[in-house]
Amino acid sequence: MGCCSSASSAAQSSKREWKPLEDRSCTDIPWLLLFILFCIGMGFICGFSIATGAAARLVSGYDSYGNICGQKNTKLEAIPNSGMDHTQRKYVFFLDPCNLDLINRKIKSVALCVAACPRQELKTLSDVQKFAEMNGSALCSYNLKPSEYTTSSKSSVLCPKLPVPASAPIPFFHRCAPVNISCYAKFAEALITFVSDNSVLHRLISGVMTNKEIILGLCLLSLVLSMILMVIIRYISRVLVWILTILVILGALGGTGVLWWLYAKQRRSPKETVIPEQLQIAEDNLRALLIYAISATVFTVILFLIMLVMRKRVALTIALFHVAGKVFIHLPLLVFQPFWTFFALVLFWVYWIMTLLFLGTTGSAVQNDQGFVEFKISGPLQYMWWYHVVGLIWISEFILACQQMTVAGAVVTYYFTRDKRNLPFTPILASVNRLIRYHLGTVAKGSFIITLVKIPRMILMYIHSQLKGKENACARCVLKSCICCLWCLEKCLNYLNQNAYTATAINSTNFCTSAKDAFVILVENALRVATINTVGDFMLFLGKVLIVCSTGLAGIMLLNYQQDYTVWVLPLIIVCLFAFLVAHCFLSIYEMVVDVLFLCFAIDTKYNDGSPGREFYMDKVLMEFVENSRKAMKEAGKGGVADARELKPMIK
């Protein structure tokens, strides 16, 4: 961070000439080395957990006596039933699989290694005995022979809880899991404290399980709609804003109208034909529909009022979308950036979760109060999971920052190439090449700064959740204020980082210098930044709303056959959240392109004046957008001091 301490660098950056794409040099090499060392440490944690036998215990499973299923085991000192040969017993079976320990997040039951999982429900001890004799899979404790299941007085303690639910082995992990997950409903009830009537929760869970095919289909629909919207943005950007505005209004009105129609239809339906047992469910349905309809109405009214206020600035957004759409025409691979980023994040998250599971089963065998075996790490190594958590945040932010740098590099190449026919064959791949060769250190430093802010916020959120209901009003207010301040700081740093990556892509400077240069440019163009971001972000938000409303409306129509309207809430929430996430991933790329274009334009107008030898890099469309933006800000009385000279773009 030493480069951030220079007092004169900000002044020097305003006088220094920017040379776009001319000089390439490696930036922030010490931070790249630090990041590599950190990743080596992450690999050491994974290797250590595998070397200590955690991988075998995780994949094959182990019983309550420390024996790994599916292999021969060595005897553990002072632990009975350890050191058994379980070569033929490859599956872990829990005597009471539905007994969940919410505090420690594990199944609170005796675990045994068995030869086969019971595929059918076993209602009596006689059924358990027959299963053991026919399949050679003893489901009671090792100390009890199958012939003693029905005669021993210890059977109620040493045998599984009756009835034994039908179960099947989990793929790759050799655990017998109940086929019917209804026994886990109590676990969900403990987590969802706002549900006072447990029957409602059971109906919600059953609604998700019953409509899982519809939920999957609607999630795919949201993905298709997002792709279609990106194509529309690319080819018809001039009319896109009006199309979005009309469709969002129609979608909101249509969804609201359908909900009120269903409410009226349900209210008019005769209640004399309803059996008494179903009367309460019918009243819940009617109340649920009324809540949905009122919420949709309030949302529609607020949305309409916001659009009414923003209507005068639509012309600016039309020009802005046209310029960004032109970039996507020249750089079509930008559309697929969310896929590569998501794929990289999923791969890393899978690795991280697997390593975390390894850490949960690594260590030395320790006997607990019940006489069963648990594996725990002692000494300094027990804090490895803290390192692992920091790695989750830093590397995830690093992957996201690589996407920002890649997009910035490609758009910068497009903007500062006067003759667009001389663009690289694949500007995206060229940007990736520059990122790997020169700027990984800059990305590592920027992502680490975000990590430094995110970790304290997460710690405060954890403390707040643990002290909920115990702290006084003052402490609660202080905690929430700190969390809010850190969240705002994180958002500001994210925006500054993105512009710093753009400055690095332009001039190949280190992170601190780029951040200072970008900050100076943004401050000098504060009014333009506010106008463009406000209107542009709002229209992109409308695109997300359109996809969510369309997917939600399709969900309402598909779920209409389901007469128990109360069960709609969870499937619709899942579908709408997924639709918003998908839309956000795609449209965030568009927003990123707009931000990069604006910073390029601001630098272009600051260091070029249109005279011979200092021609502008921008094209006519972007210049028209800037002129329209300047006129709109003057009319609104917010333009401040504007440059009156004629701007002459140069196009070869």
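Residues numbered from 1 in each chain as written. Predicted model: local features only at pLDDT ≥ 70, side-chain atom pairs only at ≥ 80, totals over all residues. Heavy atoms only, no water.

Looking at an unreviewed UniProt entry, one finds the protein chain named Choline transporter-like protein and attributed to Callithrix jacchus. You can read under Sequence similarities (unreviewed entry) in the UniProt record for the protein chain the words "Belongs to the CTL (choline transporter-like) family." According to the UniProt record, the Function (unreviewed entry) comment for the protein chain is "Choline transporter." (UniProt positions renumbered as here; feature names shortened; annotations may be inferred.)

Caption draft 1: Just the overall build of the protein chain, in detail. For the protein chain, the helix and strand inventory stands at 19 helices and eight strands. Per-residue burial over the protein chain gives 45% buried out of 652 residues. Partitioning the intrachain contacts of the protein chain with sequence separation of at least 6 by distance along the chain shows that 73% fall at a separation of at least 24. For the protein chain, the exposed area adds up to about 33,600 Å²; of that, 66% sits on carbon and sulfur atoms. (Helix = DSSP H or I, 4+ residues; strand = E, 2+ residues; numbered from the N terminus. Buried < 20%, exposed > 50% of the residue type's maximum accessible area, 1.4 Å probe, protein only. Contact = heavy atoms within 4.5 Å. Areas by Shrake-Rupley, 256 points an atom, 1.4 Å probe, with all protein chains shown as cover.)

Caption draft 2: Molecular detail of the environment of V366. Position of V366 relative to the elements: it lies in strand β7 (residues 364–367). As a C-alpha pair, V366 and G66 span 300 residues in sequence and 9.1 Å in three-dimensional space.

Caption draft 3: The packing of helix α2 (residues 29–51) against helix α12 (residues 337–361), seen in detail. With their axes 9 Å apart at the nearest point, α2 and α12 run at an angle of 45° to one another. Our classification of the angle between α2 and α12 gives oblique. With respect to the hand of their crossing, α2 and α12 are arranged in left-handed fashion. Contacts from M42, G43, I45, C46, S49 and I50 of α2 reach α12 at F348, Y351, W352, T355, F358 and L359. Residue composition of the contact of α2 with α12, grouped by class: nine nonpolar, three polar and no charged. (Axes fitted to C-alpha atoms, helices over the stretch in contact; angles between N-to-C directions. Parallel < 35°, antiparallel > 145°, perpendicular 65-115°, else oblique. Left-handed = near helix turned anticlockwise from the far one by under 90°. Nonpolar A, V, L, I, M, F, W, Y, C, P; charged D, E, K, R; others polar.)

Caption draft 4: Inspection of the pattern of salt bridges at higher detail. Taken as a whole, this structure holds three salt bridges when the rule is applied. The salt bridge partner of K454 is E490, with a shortest N-O separation of 2.6 Å. Taken as a pair, K454 in helix α14 (residues 427–466) and E490 in helix α15 (residues 473–507) lie far apart in primary sequence, 36 residues in all. Each member of the pair K454 and E490 is classed as buried. Of the charged contacts in the structure, one is a salt bridge between R457 and E490, with a shortest N-O distance of 3.0 Å. In this pair, R457 is assigned in helix α14 and E490 in helix α15, connecting sequence segments 33 residues apart. This pair shows no difference in class: R457 is buried, exactly as E490 is. (Salt bridge = Lys/Arg side-chain N within 4 Å of Asp/Glu carboxyl O.)

Caption draft 5: Summary view of the pairing of β7. By the bridge criterion, four bridges tie β7 to strand β8 (residues 373–376) in an arrangement that is antiparallel. Note that in β8 the partner of V366 across the bridge is E374. Hairpin connection from β7 to β8: five residues lie between these consecutive antiparallel strands, with G371 at a positive phi of about 90°. (Pairing = 2+ DSSP bridges.)

Caption draft 6: Structural detail: the nonpolar core. Judged by nonpolar contacts, the single largest core of 59 residues is most densely connected at V327, F328, L334, V411, Y415 and V593. Considering each element in turn, this core owes the most residues, 19 residues, to helix α18 (residues 569–607). Among residues more than four places away in sequence, those in contact with V593 are A324, V327, F328, L334, V407 and V411. In terms of nonpolar packing, the next biggest core, distinct from the first, is built from 29 residues, I395, A444, I449 and A500 among them. (Core = buried A, V, L, I, M, F, W, Y, C linked by side-chain atoms within 4.5 Å.)

Caption draft 7: Quick look at unusual backbone geometry. Note the cis peptide between L162 and P163, where omega equals -10°. Within the fold, P163 resides in the loop between α5 (155–158) and β5 (167–169). One non-glycine residue, H174, lies in the positive phi region at around 50°. By the secondary structure assignment, H174 is in the loop between β5 and β6 (176–178). Within the chain, S508 stands out as a residue other than glycine whose phi angle is a positive 60°. Tracing the chain through its elements places S508 in the loop between α15 and α16 (511–524).

Caption draft 8: Inspection of the packing of aromatic side chains at higher detail. Tallied over the full model, the rule gives 17 aromatic pairs. Consider the rings of Y65 and Y142, whose centres lie 5.8 Å apart with planes at 50°: the pair is tilted. Of this pair, Y65 sits in the loop between α3 (54–60) and β1 (91–94) while Y142 sits in the loop between α4 (125–135) and α5, and the two are 77 residues apart along the sequence. The residues Y65 and Y142 share a single accessibility class, namely buried. Measuring from centroid to centroid gives 5.2 Å for F328 and Y590, while their planes differ by 5°, and the two rings are stacked. You can see F328 sitting in helix α11 (residues 314–330) and its partner Y590 sitting in helix α18, a full 262 residues away along the chain. Linked through ring pairs, W31, F35, F38, Y387, W394, F398 and F448 together constitute an aromatic cluster. (Phe/Tyr/Trp six-rings, centres within 6.5 Å; stacked < 30°, edge-to-face > 60°.)

Caption draft 9: Expanded view of α4. Of the residues making up α4, those classed as buried are V128, Q129, F131 and A132. Looking straight down α4, one finds that the buried residues subtend no more than 160° of arc, so they occupy a single side. Every exposed residue of α4 that faces more than 90 degrees away from the buried side is listed here: K130, E133 and M134. (Arc of directions from axis to C-beta.)

Caption draft 10: Structural detail: the side chain of S222. Structurally, the position occupied by S222 is in helix α8 (residues 212–235). The contact partners of S222, leaving out residues within four places of it in the chain, are I547, T551, F578, A579 and V582.

Caption draft 11: Structural detail: the state of the cysteines. Counted according to the given criterion, the structure contains three disulfides. Note that C117 is cross-linked by a disulfide to C176, the S-S spacing being 1.9 Å. Between C117 and C176 the sulfur-sulfur dihedral comes to about -80°; the bridge is accordingly left-handed. Note that C117 is positioned in the loop between β4 (111–114) and α4 and C176 in strand β6, a separation of 59 residues in sequence. Using a relative accessible area of 6% as the deciding quantity, one classes C176 as buried. Here C140 pairs with C159 through a disulfide, and the sulfurs are 2.0 Å apart. An S-S torsion of about 110° defines the bridge between C140 and C159 as right-handed. Of this pair, C140 sits in the loop between α4 and α5 while C159 is found in the loop between α5 and β5, placing the two residues 19 residues apart along the sequence. For C159, a relative accessible area of 4% puts it in the buried group. Cysteine C492 is unpaired, with the sulfur of C488 as its nearest cysteine sulfur at 6.7 Å. According to the relative accessible area criterion, C492 is exposed, its value standing at 52%. (Disulfide = S-S within 2.5 Å.)

Caption draft 12: Fine view of the environment of I399. Note on placement: I399 falls in helix α13 (residues 384–415). As a C-alpha pair, I399 and L345 span 54 residues in sequence and 7.0 Å in three-dimensional space.

Caption draft 13: Layout of the packing of α12 against α13. Contact pair α12 / α13: the axes reach a minimum separation of 10 Å and the direction vectors enclose 170°. By the angle class used here, α12 and α13 are roughly antiparallel. Tallied by class, residues from the contact of α12 with α13 come to 16 nonpolar, eight polar and no charged.

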